[in-house]
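Secondary and tertiary structure notes
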Amino acid sequence: MSGHFLIVEARFYADIAEAQLAGAKAALSASGASFEHVSVPGALEIPVAIAMAAASQQQFDGYVALGCVIRGETSHYETVCAESARGLMDLALAENLAIGNGILTVENEAQAWERAHAVAQSSPANSGVYGELGVRAAGGTVQWLYFSFRVTTRVGTMYARSA
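The following paragraphs examine the structure supplied in this document.

1. A look at the pattern of salt bridges
For the coordinates displayed, the defined rule picks out six salt bridges. Of the charged contacts in the structure, one is a salt bridge between Glu78 and Arg71, with a shortest N-O distance of 2.6 Å. Judged by its relative accessible area of 32%, Arg71 falls in the partly exposed class. Through salt bridges with shared partners, a single ionic network connects Glu9, Arg11 and Glu18.

2. Some details on the sheet that holds strand 4 (residues 99-106)
Strand-to-strand pairing in sheets goes through backbone hydrogen bonds, with the strands running parallel or antiparallel. The sheet built from four strands is open, its strands ordered 2-1-3-4 with parallel pairing. At either end of the open sheet lies a strand with only one pairing partner, and these are strand 2 (34-40) and strand 4. Each strand of the sheet is rotated relative to its neighbour by a mean of 15°, with strand direction disregarded. Alignment of strand 3 (residues 62-70) against strand 4, held across eight bridges, turns out to be parallel. Within strand 4, the position partnered with Val64 by the bridge is Gly100.

3. Quick word on helix 3 (residues 76-95)
Counted at 1.5 Å a residue, the expected span for helix 3 with its 20 residues is 28 Å, and the 28 Å between its end C-alpha atoms agrees. Turning to helix 3, its buried residues number three or more, namely Tyr77, Val80, Cys81, Ser84, Gly87, Leu88, Leu91 and Ala92. Along the axis of helix 3, the buried positions cluster into a sector of 140°, meaning they face one direction only. Exposed and oriented more than 90 degrees from the buried face of helix 3 are Leu93 and Ala94. Looking at the packing, one finds that the buried side of helix 3 touches helix 2 (45-55), strand 3 and strand 4. The positive-phi residue at the C-terminal boundary of helix 3 is Asn96, with phi of around 55°.

4. Quick notes on unusual backbone geometry
Even without glycine at this site, Asn96 takes up a positive phi of about 55°. Take Asn96: it is sitting in the loop between helix 3 and strand 4. Overall, the relative accessible area of 71% leaves Asn96 in the exposed class.

5. So, the layout of surface pockets
Where empty space is left in the structure can be found by rolling a water-sized probe over the atoms. Estimated volume of the second largest pocket: approximately 280 Å³. Taken together, 16 residues form the lining of the second largest pocket, with Phe12, Cys68, Val69, His76 and Val80 sitting closest to its centre. Those elements that place two or more of their residues in the lining of the second largest pocket are strand 3 and helix 3. Of the residues that constitute the lining of the second largest pocket, the class distribution is ten nonpolar, four polar and two charged.

6. What to know about helix 1 (residues 14-30)
An ideal rise of 1.5 Å per residue puts 24 Å on 17 residues; helix 1 measures up with 24 Å between its terminal C-alpha atoms. Considered for burial, the residues of helix 1 that qualify are Ile16, Ala17, Ala19, Gln20, Leu21, Gly23, Ala24, Ala26, Ala27 and Leu28. Following helix 1 by one or two positions, Gly32 adopts a phi angle in the positive range, close to 85°.

The rules behind the values
- Think of each chain on its own: its residues are numbered from 1, step by step along the sequence as written.
- Only residues with pLDDT of at least 70 are given local features in this predicted model, and only at 80 or more are side-chain atom pairs given and counted; all residues enter the totals for whole chains, interfaces and linings.
- Only hydrogens and water are set aside; all other atoms, that is, all heavy atoms of the structure, feed into the side-chain values.
- Any Lys or Arg side-chain nitrogen located within 4 Å of an Asp or Glu carboxyl oxygen qualifies as a salt bridge.
- The cut-offs for exposure are 20% and 50% of the maximum accessible area for each residue type, with area from a 1.4 Å probe on protein chains only; residues under the lower value are buried, those over the upper are exposed, and the others partly exposed.
- We call two strands paired when DSSP finds no fewer than two bridges between them.
- Working definition: helices are DSSP H or I runs of at least four residues, strands are E runs of at least two. Numbering for both runs from the N terminus.
- Axes here refer to lines fitted to C-alpha atoms; in helices the fit is confined to the stretch in contact. Angles between the N-to-C directions go from 0 to 180 degrees.
- Multiply 1.5 Å by the residue count of a helix minus one, and that product is the helix's expected span.
- This arc is taken over the directions from the axis of the helix to the C-beta atoms.
- Two residues form a contact once any of their heavy atoms are found within 4.5 Å.
- Cavities and pockets are found on a 1 Å grid laid over the protein atoms alone: a cavity is a set of points where a 1.4 Å probe fits but cannot escape, a pocket is an open set with protein on both sides within 12 Å along at least five of seven lines, and a lining residue has an atom within 4 Å of such a point.
- Grid points are joined across faces, edges and corners, and a volume is the space filled by probe spheres set on the points.
- Three residue categories are used. Nonpolar comprises Ala, Val, Leu, Ile, Met, Phe, Trp, Tyr, Cys and Pro, charged comprises Asp, Glu, Lys and Arg, and polar comprises the others, including Gly.

Shown next, in the form of structure tokens:
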């Protein structure tokens, strides 16, 4: 199943963001999907960007959220982790949006790279290095879109039969 997706990428940790973005693009391209990409400063802005895109005239079938939050010396880490996750979940539930959450929440940069590590891929369609978490987030969004299509089609068919 293909579709048109929006990748929203937080650039706070640019190198990690690049690996995640490459992975998401590779996964969406491999599934036959088209996509657009926007960048925001940090993870807290990702749900806002998705909400604005969902309310706009532009139609997206799903959204891929990419970012990284690394614990620092203040309690800001807990706020950013909790609120970015809550914002994405609230949007998904309230608006029936397919959102793949690829926001890393880690203790240090080594853990971030461990989870967003670069994986080499070689195939006729695509070759290069990309971040595994970006692949998982994009792939999850495509799976949610497929699930949504099946549920909507099935509910519509069940309703038509009972009418």
